[in-house]
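Take a look at the letters that make up each chain.
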Amino acid sequence: MSVQITRNNLQQEVDHQLTVIDFWAPWCGPCKILDPILAALEKDYGDQIHFGRMNVDGNQDIAEKYHVLSVPSLVIFKNGKATEKVTGVYPKEKLASYFDKKVAEMTAG
C-alpha cells in the first residue's frame, strides 16, 4: 500500500531512485477511479518504484510547489527531485507503459 505523504515525511519519502506521488482529494471523482489502477500498478512495480499519496486538502502549498493545479496528478521524483507531472486518469496499460519508460531511464542512467 502506498505511503501517506505529509509535509513531515515528504523529503524522506522522495529520497528514492524513482518515486510516484499521487496528489488526490477525497471529494475528487476521478481520483476514486485512479485509486484501483494505481493499487494494481503498485503491485506490479513496487520493487522498482516507491509509491506515495498526498491529500491536497490542507497541503495546497505543497501541491502548488509541484505545480499541481488539478487532481488527480502524479508527480514523478527521480532521486528526490520532481521531474515530471501527469494529470488526469489514464488506463492501467497506458500508465504501465509510462512507468516502463521511467524505470528504463533510471536503469540506463
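Cut-offs used in this document
- Residues numbered from 1 in each chain as written.
- Predicted model: local features only at pLDDT ≥ 70, side-chain atom pairs only at ≥ 80, totals over all residues.
- Heavy atoms only, no water.
- UniProt positions renumbered as here; feature names shortened; annotations may be inferred.
- Phe/Tyr/Trp six-rings, centres within 6.5 Å; stacked < 30°, edge-to-face > 60°.
- Helix = DSSP H or I, 4+ residues; strand = E, 2+ residues; numbered from the N terminus.
- Buried < 20%, exposed > 50% of the residue type's maximum accessible area, 1.4 Å probe, protein only.
- Contact = heavy atoms within 4.5 Å.

Looking at an unreviewed UniProt entry, the protein chain carries the name Thioredoxin, with the source organism given as Lentilactobacillus diolivorans DSM 14421. A UniProt comment under Sequence similarities (unreviewed entry) is attached to the protein chain, and it reads "Belongs to the thioredoxin family."

Caption draft 1: Molecular detail of the packing of aromatic side chains. Enumeration according to the criterion identifies five aromatic pairs in this entry. Ring geometry for Tyr-45 and Phe-99: centres 5.7 Å apart, planes at 80 degrees, overall edge-to-face. In this pair, Tyr-45 is assigned in helix 2 (residues 29–45) and Phe-99 in helix 4 (residues 92–108), connecting sequence segments 54 residues apart. For Tyr-45, a relative accessible area of 8% corresponds to the buried category.

Caption draft 2: Region of the structure containing the UniProt feature "active site" (unreviewed entry) in the protein chain. In the numbering used here, UniProt assigns the feature "active site" (unreviewed entry) to Cys-28 and Cys-31. Relative to the helices and strands, Cys-28 is located in the loop between strand 2 (18–24) and helix 2. Classification of Cys-28 as buried rests on a relative accessible area of 4%. For Cys-28, the residues in contact, after removing those within four places along its chain, are Val-71 and Pro-72. The residue Cys-31 is located in helix 2 in this model. Beyond its immediate stretch of four places on either side in the chain, Cys-31 contacts Trp-24, Ala-25, Val-71 and Pro-72.

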